[in-house]
Structure formats: structure tokens, C-alpha cells
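Structural overview
For reference, the chains in residue letters:
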Amino acid sequence: MATTSLDPGEGAPGGDAPALLDVHDLTVSIGGDRLLSQVSLSIRSGELVGLVGESGSGKTLTGLSLMGLLPANSSVQGSIRFDGTDMLAADGERMRRIRGGEMSMIFQEPRASLHPSRPVGKQIVDVILAHGAARAADARRQAAEMLGMAGLPDPWRTMDAYTHQLSGGMCQRVMIAMALVCRPRLLVADEPTTALDVTIQAQVIALLRRLARELDLAVLLITHNLGVVSALCSRVVTMYCGQVVDDDTAEHLLSSPRHPYASALVRASDVSLDHTGEQSGITGVPASPSRPPRGCRFHPRCPYAEERCTEETPGLEPTRHGGRTRCLRSDELVLPGVGA
Ligand SMILES: Nc1ncnc2c1ncn2[C@@H]1O[C@H](COP(=O)(O)OP(=O)(O)OP(=O)(O)O)[C@@H](O)[C@H]1O
Ligand SMILES: [Mg+2]
């Protein structure tokens, strides 16, 4: 297992505060297929970080690794430190206390994660009691209070509701309440707005922003949607083919991306601003993380690839303005961002 430095994640942009979460060289295989390779990222207390990348790039697997929720046939190398605890060496009891207590995750499909035939209030109370966070009499009050904080208009009535009686947006608020009721320090939110229409998406983002501030919560927001990221996050980690390829402030990523894939993602998410009238989607098919191309994993799709990109493997190197990027040509390229 790799040792972890006291550094807040090698070269993570912004601030000197020690990292709340520090993932270093995380490599995950499932059933013998290597799906994550040397993923490194860090999050400080109260920081809102986006995790973006195309489908299959390894975002959810990264989130599941943090939570200790990988399937049984997985093998994990590297290190995950949460508030000083080595998560990969933590025993089951410590892991159970951290998961749902100090660190929690919201999954993409809220209805699938809630029990259909148990009132939602009881499900939140179950979480509180499982973590010993309150006695039974107090747990109901705390659950209702959290539903209120999550913006449900009539929390005591919602306590007795079943998921089929609630809209998608309300279910997502219930999930957020359930994830935050034990006052975790880190929330991993996997596509929390994808299933929702645009107006409700904006409300859920505003809610997460408010709760993060009120509860001093760090958030790792997993999404395809750069618009959602820029509305919430100060920093964005970009994944491609099971690797972190870029780590930058949201502002810098959108205006002057350092990695050709990050640039392509930013432009693909901004089709409406493409004044050429052409779709700026990313051409080519994502490479398979278990059978990656030689050299830079993005080179078969990269318009800037040179001969050496097909042979040399780029490392995740610090950039001049405090980010990190994995491109052999990052110093010489000037790449288009939003609206370019
Ligand atoms: N339980 C599993 N067993 C085998 N392979 C898996 C498993 N879970 C994920 N994978 C594979 O790992 C890779 C990364 O998957 P992951 O779910 O992390 O992608 P993602 O970035 O979250 O994509 P999406 O945006 O579609 O949610 C994919 O190639 C996927 O097929
Ligand atoms: Mg996913």
C-alpha cells in the first residue's frame, strides 16, 4: 500500500488546510479487470468539488471506493485517508461508523435507494438509530427537523409518506435529508439532479449549496453536467478511462482548460454557445479502462496528439497555476474553453 504524504493531495489547487479526504494512487480491479488506475484527489473541510467525465470513466466506482462499498470480488491498492483514518485498513466497525455517520453518499436514482413500503420518516429514523446518534424519542424529532432543513414544506406529514406519494424532487430531498441526518463531514452525491427536470435541478443545487454552508459539509459532486458543477463547485476533478486527467478550479477549467479532454468536455456541455453552429461533442468512443490504449489513454480521440503521445505515458503533473493535469503537451497548448 502506498504511503500518504501530509500534503493535501499532491498539488491540489487552492489553500493550505489539511485535507479532510486524501485519496492517493487508488487502483481498483473488479473480477481481475483494472477499472481505476492511480486515482488521486483530495477535498478539504467544507470544500465543494466536482467529479466529471463521460459515462464509464470511473466516477461512481471512485465514490463507492470511498464508502467501502465495492463488490466482494474487488481488489484495492493505494490509500484513502479520511480525517486521518486509513480507510482501507479500518476494521468493519470503524468503517460502519464512518459510512453514513461521518461520510455519506446519495445515489443517482432516489426511489431505488428508498424502501417503497416503509414510510420515509421511519427510514430516516432507522439511520439515526443505526448510528446511535439519538434515542428513539428524539430520533423522530431529528428526522422531521432534517426534512424541514431539506426544504420539505410539511416535514411531519412527509414523515408518514411512502415514496410513491412523493414527487421525484421530494424523494431527492428525502434522500438528502437521510444522507445528512447524522451530520456527516463529507457527502458524495452521485448525479443527484440527473433524474430531475431543470427547475427542480436548480432547487436541489441551491439546497446542497445552502446545506453545505450551514453544516460545514464537504461535497464530492459526481455529474456529467458541467453547468451543475459550475453552479456549486469551486474545484473540478476530471476523469477519463479510470484515471484522473485534470484537477483545476471551476473558473479556470471553464475559461482556459489545460487538458484536451477537459477542453472537449467543457465545449461539449456548451453546444448552445458554439457560434460555428456545429455540435462540439467529443468525437470517438471512450477507451475501456480495463484495456486502455498505450501511451496517453486519450490519444486516439485527441486532436492534439503527436507521435510521442502514442508511446509515452503522461503523469498527473502540477500546472503553473496550482492545478494538476495529465498531458504531455499541456505547457504548449492553448485550449478553448466555454464559448470559445
Ligand atoms: N460491479 C462492476 N463489475 C464490473 N465492472 C464494473 C462494475 N461497476 C462498474 N464497472 C465498470 O467500471 C467502469 C467505470 O464504471 P463507473 O460506474 O464508475 O462509471 P461512471 O463514470 O460512474 O459512469 P456513468 O456516468 O455512466 O455513471 C465501467 O467500465 C464499468 O463498466
Ligand atoms: Mg456513475
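On a predicted model such as this, the values are computed, not experimentally measured, just so you know.

A look at the domain arrangement of the protein chain
Structurally, the protein chain comprises domain 1 (43–68 + 90–102 + 186–340) and domain 2 (107–183). Distance from the C-alpha centre of domain 1 to the C-alpha centre of domain 2: 30 Å. Listed by partner, the interface residues are 15 residues for domain 1 and 17 residues for domain 2. If one sorts the elements of the side of domain 1 that touches domain 2 by residue count, helix α8 (residues 198–215) sits on top with 6 residues. By residue class, the composition of the side of domain 1 that touches domain 2 is 9 nonpolar, 4 polar and 2 charged.

Examining the packing of helix α7 (residues 168–180) against α8
At their nearest, the axes of α7 and α8 sit 11 Å apart, and the two run at 15° to each other. As the angle between them shows, α7 and α8 are arranged roughly parallel. As for the relative orientation of α7 and α8, their crossing is right-handed in sense. Where α7 approaches α8, its residues G169, Q172, R173, I176 and L180 are matched on the opposing element by I200, Q203, V204, L207, L211 and L215. Of the residues belonging to the contact of α7 with α8, the class tally is 7 nonpolar, 3 polar and 1 charged.

Points about the site of ligand 1
Neighbouring residues of ligand 1: 14 residues in total, closest L35, S55, K59, T60 and L61. Per-element tally for the shell around ligand 1: the top contributor is helix α1 (residues 59–67), with 3 residues. For the shell around ligand 1, the class distribution of residues is 5 nonpolar, 8 polar and 1 charged.

Considerations on helix α5 (residues 136–149)
Spanning 14 residues, α5 covers 20 Å between terminal C-alpha atoms, matching the ideal 20 Å at 1.5 Å per step. All of the buried residues along α5 are A139, A143, A144, M146 and L147. Axial view of α5: buried residues confined to an arc of 160°, hence all on one face. Away from the buried face of α5 by more than 90 degrees, exposed residues A137, D138 and R141 are located. For α5, the elements touching its buried residues are α4 (120–130), α6 (155–159) and α7. Backbone geometry just downstream of α5 places G151 in the positive-phi region, at approximately 85°.

Details of the sheet that holds strand β12 (residues 324–325)
Across the sheet, 8 strands lie side by side as β6-β7-β8-β3-β9-β10-β12-β11; this open sheet has mixed pairing. Two strands close off the open sheet at either side, each with one partner strand: β6 (103–106) and β11 (317–318). Two strands pair when backbone bridges link them, and β11 and β12 are joined in this way by 2 bridges, in the antiparallel orientation. If you follow P318 over to β12, its bridge partner there is R324. Strands in contact with α1 are β3 (48–52), β6, β7 (186–190), β8 (218–222) and β9 (235–240); relative to β7, the strand with the most contacts, it is inclined by about 150°. In the packing of α7 onto the sheet, contacts are made with β6 and β7, and the angle to β6 comes to roughly 165°.

So, how was this worked out
Residues numbered from 1 in each chain as written. Chains lettered and ligands numbered in written order. Predicted model: local features only at pLDDT ≥ 70, side-chain atom pairs only at ≥ 80, totals over all residues. Domains from an automatic or database assignment. Contact = placed C-beta atoms within 7 Å. Helix = DSSP H or I, 4+ residues; strand = E, 2+ residues; numbered from the N terminus. Nonpolar A, V, L, I, M, F, W, Y, C, P; charged D, E, K, R; others polar. Axes fitted to C-alpha atoms, helices over the stretch in contact; angles between N-to-C directions. Parallel < 35°, antiparallel > 145°, perpendicular 65-115°, else oblique. Left-handed = near helix turned anticlockwise from the far one by under 90°. Near = placed C-beta within 6 Å. Expected span 1.5 Å × (residues − 1). Buried ≥ 20, exposed ≤ 12 C-beta atoms within 10 Å, placed from the backbone. Arc of directions from axis to C-beta. Pairing = 2+ DSSP bridges.

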